[in-house]
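Listed here are the chains, written in short residue letters.
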Amino acid sequence: MSEGAVVDRYARAVFELGEEENKLDALAKQLFGMAQTYLASQELRNVLSNPLVGAKTRDAILMEVANRIGSTGLALNTVRLLAKRQRLMLLPEIADRLMVLVDQKNGVVRAKITSAKGLSPTFVSRLVAELERSTGHKVLVDQAQDPDLIAGVVTQVGDNTIDGSIHGRLLELERRLLQT
């Protein structure tokens, strides 16, 4: 079975269990927190993937990490199961997939807005309102800055990218000039 299929199966199973317990949003946040902690520490990843570290020690480490970041119940048990089945490296992807499933259930779409410099709150709120109107869903925005854009904004919603940057326009102009 491919890793994508495994990730999807785990995410769907956790999603269904979270729905059954009416703790889906909290579960998704806790699992995402565990995934971020796992990704942030190379040392933690090395210890948890080391075959010389026993199962009891690995479990104790996971419980300590979960305790420190406030993950309990189903989130902790999911991570422990992944460790037991030697699939802990899939945790970040499972957490991301779970967040997508939760967003779909809640009618939410995530957008990433990248600009050369910081954007005014007024501009961001107008852009969010326009995105909500065009998608028909509530839009949650992550903002990033990239000075290479020169000016303008690149907006990504799902698989769709709207490039309104000077950098994007220059690349398009270059592409057209090379075609002639």
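Here is a short report on the structure shown in this document.

Calculation rules
- Residues numbered from 1 in each chain as written.
- Predicted model: local features only at pLDDT ≥ 70, side-chain atom pairs only at ≥ 80, totals over all residues.
- Heavy atoms only, no water.
- Axes fitted to C-alpha atoms, helices over the stretch in contact; angles between N-to-C directions.
- Helix = DSSP H or I, 4+ residues; strand = E, 2+ residues; numbered from the N terminus.
- Parallel < 35°, antiparallel > 145°, perpendicular 65-115°, else oblique.
- Contact = heavy atoms within 4.5 Å.
- Nonpolar A, V, L, I, M, F, W, Y, C, P; charged D, E, K, R; others polar.
- Buried < 20%, exposed > 50% of the residue type's maximum accessible area, 1.4 Å probe, protein only.
- Core = buried A, V, L, I, M, F, W, Y, C linked by side-chain atoms within 4.5 Å.
- Pairing = 2+ DSSP bridges.
- Expected span 1.5 Å × (residues − 1).
- Arc of directions from axis to C-beta.

Where helix α1 (residues 3-20) contacts helix α2 (residues 24-40), the axes come no closer than 8 Å and their chain directions differ by 140°. Judged by the inter-axis angle, α1 sits oblique to α2. For the pair α1 and α2, contact is made by V14, F15, G18 and E19 and by L24, L27 and L31, respectively. Residue classes in the contact of α1 with α2 are distributed as 5 nonpolar, 1 polar and 1 charged.

A few words on the side chain of T78. Here T78 shows up in helix α5 (residues 73-84). In this structure T78 comes out as buried when scored by relative accessible area, which is 8%. If we skip the residues at most four places from it in the chain, T78 touches V14 and L31.

One can find L101 in helix α6 (residues 91-106). The sequence separation of L101 and A11 amounts to 90 residues, and the corresponding C-alpha distance is 8.1 Å. With sequence-adjacent residues up to four places away left out, L101 is seen in contact with A11, R12 and F15.

On to the environment of G136, then. Mapping G136 onto the fold places it in the loop between α7 (121-135) and β2 (138-145). Considered as a pair, G136 and G33 are 103 residues apart in the sequence and their alpha carbons are 29 Å apart.

Turning our eyes to something else, we now look at the nonpolar core. Core analysis: the biggest nonpolar cluster contains 33 residues, and L31, V79, L88, L91, I94 and L98 have the highest contact counts within it. Of all the secondary-structure elements, those providing two or more residues to this core are α1, α2, α3 (42-49), α4 (55-69), α5 and α6. Leave out the neighbours within four places in its chain, and I94 touches V7, Y10, A11, L31 and L82. Of all hydrophobic cores here, the second largest spans 10 residues; its members include I113, L127, V128 and V139.

We now examine the sheet that holds strand β1 (residues 108-115). Strand pairing in a sheet relies on backbone hydrogen bonds. The paired strands run either parallel or antiparallel. Strand order in the open sheet made by the 4 strands is β2-β1-β3-β4, with mixed pairing throughout. Since the sheet does not close on itself, it has two edges, and those belong to β2 and β4 (160-165), each with one partner. On average, each strand axis in the sheet is tilted by 15° relative to the strand beside it, whichever way the strands run. The sheet contact formed by strand β3 (residues 152-157) and β4 spans 6 bridges and is antiparallel. Bridged to G152 within β4 is S165.

Moving on, we come to α7. If you check α7, its first and last C-alpha atoms are 21 Å apart, about what 15 residues at 1.5 Å a residue would give, namely 21 Å. Residues of α7 that are buried include every one of V124, L127, V128 and L131, and no others. One side of α7 holds all its buried residues, which, seen down the axis, span an arc of 100°. Turned more than 90 degrees from where α7 packs its buried face, T122, R126 and R133 sit exposed. Check the buried side of α7 and you find it contacts β1, β2 and β3. Following α7 by one or two positions, G136 has its phi on the positive side, about 75°.

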